[in-house]
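Okay, here's what each chain looks like letter by letter:
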Amino acid sequence: AASRDAQSKLGAMSGTKRKFGLKHGLGLVVALALVAGLAIAYVIASGLADRWARRTIVEQLGKTTGARVELGYFHFGWWALNARFDGLTLRGREPAGSPPLFHADTLQFDIHVESFWSRKISLGNVEMSHFSAHVQVEKDGSTNFPGPKIPVRTGAPDIQSLFDLKVARLHLEDGEILWNDTRVPLVAKGGNFEFAMDYTSEGGHPVYLGQVSWQKFEVAALSNLPFRSNFSARFTLRQDSFSVTQLQWKTAGSEIDAQANLASFAQPAWTFRYRGQLRLEDLWTILRKRDVPGGHIEFAGDGGYSAEQMNFNGRYTADRITMKYQWFHPGNISAHGSYQADNRSVDLPDLEALVLGGNVSSHVRVNLPKLDFRAESKIRGMDLRQAIAAEDNPSLPINPLHWGSRMDADATTTWVADFKHVDSKGLSVWTPPATPAPGQIPAAAHFEFHYDMDHKQFELSPGEITTPSSRIQFRGALSMVDTSMDLTVDTEDLTLWDDFINRLRGPDAEPQVIGGHFHWEGRLTGPLDGPTFAGHFKGTEAQYGSLYWDDLEGELTYSPDELHIAGGRARRGGSSAELE
């Protein structure tokens with residue numbers, strides 16, 4: 001019993017000592033942690049941490065890129081995990097006095113720790129302003145790209161990761177890219193930017209393997225409008241060559257896939273292949289163009305670029321091409337063909353298009369420096385009703401003519417850029433349909449024409465249009481400002497012209513029944529949206545509204561403002577009169 005009491009006392013004392021030791025141990029750990037925290041806080045507050053981080057960053061950038069690194073001001077926010085670089089410069093192998101490989105006045109970013117244990121981090125918002133990237137290629141093919149300071153290992157070359165950068169949102173402001181003496185300004189912003197670079201060697205020479213992607217980014221280059229798109233690419237960079245193994249660029253309605261290869265910097269000769277689809281509305285938005293054709297184009301081809309000479313060729317299909325000009329607004333146009341191009345011209349030798357119910361075969365040439373277009377076209381089987389509807393507008397109200405025919409034409413058409421200064425000359429022949437549609441008046445015609453968009457004028461050489469009840473002979477020019485056309489009209493039934501005449505009278509004029517058998521010879525003058533008919537007429541069974549004559553003859557002037565008869569003679573039944 002005494003022994004048990006002694007052992008119990010010893011055990012109690014031992015437990016007390018353990019508790020005392022544990023308390024003091026925890027206290028020591030807390031004290032050491034507090035001291036370490038104070039030390040870290042002192043290191044951060046005193047700037048020692050920034051100086052250590054700055055020295056480490058400069059060393060690692062130099063080792064990774066092989067460039068000579070210069071860094072002005074640097075600050076790292078240890079609590080908020082953000083950093084700021086001022087005056088960051090990377091100098092490659094460019095000669096003294098040349099712009100550096102890279103320079104940024106300001107670079108700042110936030111850091112996100114995605115996994116502490118696997119040391120996986122990404123960047124949040126990254127902003128870079130007043131920056132420039134300079135690529136210099138000498139005549140011997142050498143560039144200003146340095147090589148990373150990584151030891152070359154013996155045996156089979158391995159691939160080492162230089163960096164794998166992920167950015168939640170990237171904003172580039174007031175930047176530029178220089179390729180020798182070519183300068184391109186650059187402003188861009190977007191999200192989900194990723195850029196990875198691996199390094200290996202071939203025969204002791206460095207090889208960079210890169211991939212880059214950027215989602216929903218906007219780029220403003222030159223004077224073009226910023227636009228949102230997605231971009232991704234894989235590339236290989238060697239000391240003497242560069243290749244893009246895959247490049248994809250996408251917008252909401254357009255997409256381009258391409259590959260490119262530069263075999264030698266010493267003898268720069270690019271080769272490339274591409275395919276894609278383009279929504280014209282996207283292109284015109286980027287180029288700040290309005291009132292231009294819309295539509296969808298698919299294309300594929302290949303080409304090359306060397307010694308400032310470019311050439312490429314391929315094939316294309318286009319559909320849903322729409323034009324909404326006052327003087328030409330057809331429905332959907334589709335086309336297909338091939339093309340060849342170089343620095344100065346584009347040649348479309350076999351353009352086939354479906355326009356207004358007919359087929360158009362054209363040879364189109366484009367002078368690129370001036371964007372001059374020239375098309376030699378053969379039109380076969382075009383629907384006259386659709387053509388009239390495509391020309392009909394308040395200044396040329398011809399839709400109520402109700403004519404129907406098959407139109408053939410041979411024409412030479414020129415224009416500049418996006419259908420400016422259109423000029424078209426040619427010969428047109430109309431053939432009436434064997435079975436006209438209900439309400440359609442079959443028409444036959446032949447005439448030469450000259451359309452001048454700048455002067456808003458449509459000139460017609462001596463020509464003739466005939467329908468079952470009418471014959472029109474004409475010569476002159478229709479113009480928005482000063483129409484001048486000689487006309488001879490013979491009709492057995494003027495009521496078939498009522499819709500057209502009442503349309504000329506204006507939208508506010510009350511429609512009138514106008515009928516009879518008429519011969520009229522005279523001139524059409526004045527602005528096209530309010531023309532004046534002046535000449536000699538002779539009619540039988542003539543009717544105008546509630547007025548009627550068996551015979552009517554005289555000098556007629558007719559415009560939207562008045563109906564004027566001079567030297568007139570009228571007869572109805574046994575009565576006759578001379579009238580003014």
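No experiment lies behind these values; they were computed from the predicted model shown.

Attention shifts here to unusual backbone geometry. Negative phi characterises most residues that are not glycine, and trans characterises most peptide bonds. Within the chain, Lys216 stands out as a residue other than glycine whose phi angle is a positive 50°. Here Lys216 lies in strand 8 (residues 205–221). Positive phi is not limited to glycine here, since Leu356 has a value of about 50°.

Our next topic: the packing of aromatic side chains. In this structure the tally under the stated criterion is 23 aromatic pairs. Through a chain of ring-to-ring contacts, the aromatic side chains of Phe193, Phe195, Trp214, Phe217, Phe235, Phe242 and Trp270 assemble into a single cluster.

The next thing to look at is the pattern of salt bridges. Two side chains with opposite charge may pair up if their charged atoms get near one another. Considering all chains together, one arrives at 14 salt bridges under this definition. Taking the shortest distance from any N to any O, the salt bridge between Glu70 and Arg91 comes out at 3.0 Å. Separated by 21 residues along the polypeptide, Glu70 in strand 1 (residues 68–70) and Arg91 in strand 3 (residues 82–91) bring together distant segments of the chain. Under the relative-accessibility criterion, Arg91 is labelled partly exposed at 27%. For Asp86, the salt bridge identified is with Arg84, shortest N-O distance 3.2 Å. Shared partners join several salt bridges into a network, and the residues in it are Lys378, Arg380 and Asp410.

Moving on: the confidence of the model for the protein chain. Per-residue pLDDT for the protein chain averages 82, and the proportion of residues at 70 or more is 82%. In the predicted structure, residues 35–46 sits below a pLDDT of 50 and forms seven contacts with residues beyond four places in sequence or in another chain.

Another aspect to go through is the pairing of strand 29 (residues 547–558). Judged from the eleven bridges that link them, strand 28 (residues 532–544) and strand 29 form a sheet pairing that is antiparallel. In the strand pairing of strand 29, Gly539 is matched with Leu552. The hairpin formed by strand 28 and strand 29 contains two residues between the paired strands, and Gly545 there has a positive phi angle of roughly 65°. Relative to strand 30 (residues 563–572), strand 29 is paired through seven bridges, and the arrangement is antiparallel. Paired with Asp551 across the bridge in strand 30 is Arg571. If you look at the hairpin formed by strand 29 and strand 30, you'll find four residues sitting between the two strands.

What follows deals with the environment of Phe145. Position of Phe145 among the secondary structure elements: in the loop between strand 5 (120–135) and strand 6 (160–179). For the pair formed by Phe145 and Gln239, sequence separation is 94 residues and the distance between their alpha carbons is 7.6 Å. Setting aside residues up to four positions removed in sequence, Phe145 forms contacts with Arg93, Leu101, Val135 and Leu237.

For the rest of this paragraph, the subject is the environment of Asp105. Within the fold, Asp105 resides in strand 4 (residues 102–115). Among all residues touching Asp105, those that are not within four sequence positions of it are Phe85, Asp86, Gly87, Ser129 and His130.

Further remarks concern empty space enclosed by the protein. Under the criterion given, the structure shown has three cavities of 30 Å³ or more. Approximately 70 Å³ is the volume found for the second largest cavity. What lines the second largest cavity is simply Leu401, Trp403, Ile441, Thr467, Ser469, Ser470, Leu496, Trp497 and Phe500. Split into classes, the residues belonging to the lining of the second largest cavity amount to six nonpolar, three polar and no charged.

Definitions and cut-offs
Residues numbered from 1 in each chain as written. Predicted model: local features only at pLDDT ≥ 70, side-chain atom pairs only at ≥ 80, totals over all residues. Heavy atoms only, no water. Helix = DSSP H or I, 4+ residues; strand = E, 2+ residues; numbered from the N terminus. Phe/Tyr/Trp six-rings, centres within 6.5 Å; stacked < 30°, edge-to-face > 60°. Salt bridge = Lys/Arg side-chain N within 4 Å of Asp/Glu carboxyl O. Buried < 20%, exposed > 50% of the residue type's maximum accessible area, 1.4 Å probe, protein only. pLDDT = per-residue confidence, 0-100. Contact = heavy atoms within 4.5 Å. Pairing = 2+ DSSP bridges. 1 Å grid on protein atoms, 1.4 Å probe; cavity = no way out; pocket = protein on both sides within 12 Å on 5 of 7 lines; lining within 4 Å. Points joined across faces, edges and corners; volume = space filled by probe spheres on them. Nonpolar A, V, L, I, M, F, W, Y, C, P; charged D, E, K, R; others polar.

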